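# Working through the structure, step by step
Listed below, chain by chain, are the residues.
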Amino acid sequence: MSTGFESHLDDLTAGFVPFPADRADEYRRLGYWMDRPLDSILTDAAATWPDRTAVTDPNVSYTFAELLKRADGVAAALRQRGIATGDRLLLQLPNTCQFAVALFGALRAGAVPVMCLPGHRAAELSHFAGVSGAVGLIVADTIAGFDYRQLAQELVDAHPGLRHVFVDGDPGPFESWSALADLDAPAAEREPVDPNLPALLLVSGGTTGLPKLIARTHNDYLYNAVACAQACELSGDDVYLVALPAGHNFPLACPGLLGSMTVGATTVFTTDPSPESAFALIDRYKITVTGLVNALAKVWTQACEWEPVLPTSLRLVQVGGSRMTPEEARYIRDGLTPGLSQIFGMAEGMLNFTRLGDPIDVVVNTQGRPMSPHDEMRVVDEAGAEVAPGEEGELLVRGPYTLNGYYRADEANARSFSPDGFYRTGDRVRIFADGPRAGYVEVTGRIKDVIHRGGETVSASDLEEHLFAHPAIYAAAAVALPDEYLGEKICAAVVFSAAPITLAELNQFLDERGVSAHARPDVLAAMPTLPKTAVGKVDKKKVVAQLASG
Ligand code: OOB
């Protein structure tokens, strides 16, 4: 029967793996899932705190009521242009209030935003467009000299289904975003949302191959935002700074923009996370909470030694995204804020973090414990058998906000999930079995991040931990380089913080630390910085590419 609305839900659900009914019922019964659309975060906030500031950037601020009005204007305009319920829209905007307007505009129209990051380029965007079957793209004109309109043109040429391009700024041959965002239109009517269907698509953070798409449902993502805000003890008095790319799960909903909105807190956007700029913003808006990747947290901590304005209003700084040594954690906690929280999360769902009030030993030596009492974790050996409590192995997870399959990726799904629906994270962890750290997770590396040198298998992260211990080394990545005789040889790519050392000196140091001969670097490559992914993690593929290109 026709509902009178144009709907592409059949197309949306092709290749989507829903939660199994028994677990869905359980999450509903527990009250985690509220059967409400994700954009109820905004409608609720606008009803409860209409005049509070929802979002701010250097150009503009919107109250919750204004943000809702703008989102509804955008939603009406999108529907006028034929964008139907369930249609995917690629969203690739920098950290400004327009990001929030576009996200909620798309959701209010019943469309499904695909959360691209500004650092993604043609290879990634084309992959997202192809897999998602997106009908539109929302981008900025240029950022730091890169012209997104050219990228848009390439995409439109390659993907005939991509019919709408909206540009924030000078639109060139495309449609102007601001004409949409400034439209004063009443809320567009739309079909009631099925909260078990995808609300948005996140992109995976994996550093091998192209990112995969992760459909997060209304139910699971709303729970993610609400529960994370609760666990971080967020209140309407908090002010959250989006310092990482806003489309990444971490600043988007952990607790990020969406979690902040659930409690009526203000979100401040910045495109410049450098300490000079960020510290000034933190001071100006009295920012209390933010989330950072390790490299950025280290830069901020260093800057505390010389910046005139210090970020003293911060009460909670979440740091995660890649492995942090206890020394680094202690350095950040001592130098930046005692409110350090380590967070081990993934776009696929499951979040672990240390809580405010946890003992220092736990904050420094672990990556936290699960957000939800119903997160299920299993640690297994290579044969898939559960290891003894406290032992290392691969982490498998399942729970109320963890995916059940990548979007339109049958092959990857066959590998990435256990028969009973656990997601194989590829992360090597140990879950402490007793003592004050009991129940907390330590991430010890990636299962596949190993170097096959001769007949030996060397863990890259184990070697990196030793490299970090050298006082002259600021950042390090252990990578494999091809070798005629060994198959692979070990390269230590390092950024020196002091006078460079030689390979012989490094190996002497590693020898003294008890690193076996076959696990020591064959090559030492000094680099000015280590190349990063779109969210700011060390990108080992690019490290190898840079080394290969000389
Ligand atoms: C976050 O999400 P993604 O999807 O960009 O990356 C997930 C992967 C994890 O599987 C793990 O390999 C790594 O990043 N990771 C960590 C970590 N946090 C993430 N490895 C070691 N220690 C940590 N603390 O990176 C993400 C999503 C939400 C919140 C925070 C981070």
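By the naming in an unreviewed UniProt entry, the chain is AMP-binding protein, taken from Mycobacterium deserti.

Let us now look at the layout of surface pockets. Taken as a whole, the second largest pocket spans an internal volume of roughly 430 Å³. His-120, Glu-124, Thr-533, Ala-534 and Asp-539 are the residues nearest the centre of the second largest pocket, which is lined by 22 residues in total. Residues belonging to the lining of the second largest pocket are distributed by class as follows: 6 nonpolar, 9 polar and 7 charged.

Bringing the site of the ligand into the picture now. Close to the ligand lie 20 residues; His-248, Ile-343, Ala-347, Asp-427 and Lys-537 are nearest. Separating a nitrogen atom of the ligand from a backbone N or O atom of Gly-321 is a distance of 3.0 Å. The side chain of Lys-537 places a nitrogen or oxygen atom 2.7 Å from an oxygen atom of the ligand. The protein chains hide 93% of the 600 Å² of surface that the ligand would expose on its own. Sorting the residues of the shell around the ligand by element identifies helix 10 (249-253), strand 16 (340-346) and strand 22 (441-446) as the ones contributing at least two each. Looking at which element gives the most residues to the shell around the ligand, the answer is strand 16, with 4 residues.

Overall, antiparallel pairing links the 4 strands, which are arranged 19-20-21-22 in an open sheet. Two strands close off the open sheet at either side, each with one partner strand: strand 19 (376-380) and strand 22. Each adjacent strand pair in this sheet contributes to an overall mean axis angle of 45°, direction not counted.

This next bit is on the domain arrangement of the chain. Its domain assignment divides the chain into domain 1 (9-216), domain 2 (272-446) and domain 3 (450-549). Between domain 1 and domain 2, the C-alpha centre-to-centre distance is 26 Å. Contact residues are listed per partner, giving 30 residues for domain 1 and 23 residues for domain 2. A buried area of about 2000 Å², summed over both sides, lies between domain 1 and domain 2, and 55% of it is on carbon and sulfur atoms. The tally of links from domain 1 across to domain 2 stands at 1 salt bridge. In this structure, the salt-bridge partner of Asp-11 is Arg-408, at a minimum N-O distance of 3.8 Å. Broken down by secondary-structure element, the contributors of at least two residues to the side of domain 1 that touches domain 2 are helix 1 (9-13), helix 2 (21-29), helix 6 (122-132), strand 10 (198-203) and strand 11 (213-217). Per-element accounting of the side of domain 1 that touches domain 2 gives the leading share, 4 residues, to strand 11. By residue class, the composition of the side of domain 1 that touches domain 2 is 18 nonpolar, 5 polar and 7 charged.

The rules we used
Residues numbered from 1 in each chain as written. Predicted model: local features only at pLDDT ≥ 70, side-chain atom pairs only at ≥ 80, totals over all residues. Heavy atoms only, no water. 1 Å grid on protein atoms, 1.4 Å probe; cavity = no way out; pocket = protein on both sides within 12 Å on 5 of 7 lines; lining within 4 Å. Points joined across faces, edges and corners; volume = space filled by probe spheres on them. Nonpolar A, V, L, I, M, F, W, Y, C, P; charged D, E, K, R; others polar. Near = heavy atom within 4 Å. Polar contact = N/O pair within 3.5 Å; in protein donor to acceptor, adjacent residues only side chain to side chain. Areas by Shrake-Rupley, 256 points an atom, 1.4 Å probe, with all protein chains shown as cover. Helix = DSSP H or I, 4+ residues; strand = E, 2+ residues; numbered from the N terminus. Pairing = 2+ DSSP bridges. Axes fitted to C-alpha atoms, helices over the stretch in contact; angles between N-to-C directions. Domains from an automatic or database assignment. Contact = heavy atoms within 4.5 Å. Buried area = accessible area lost by both parts, 1.4 Å probe. Salt bridge = Lys/Arg side-chain N within 4 Å of Asp/Glu carboxyl O.

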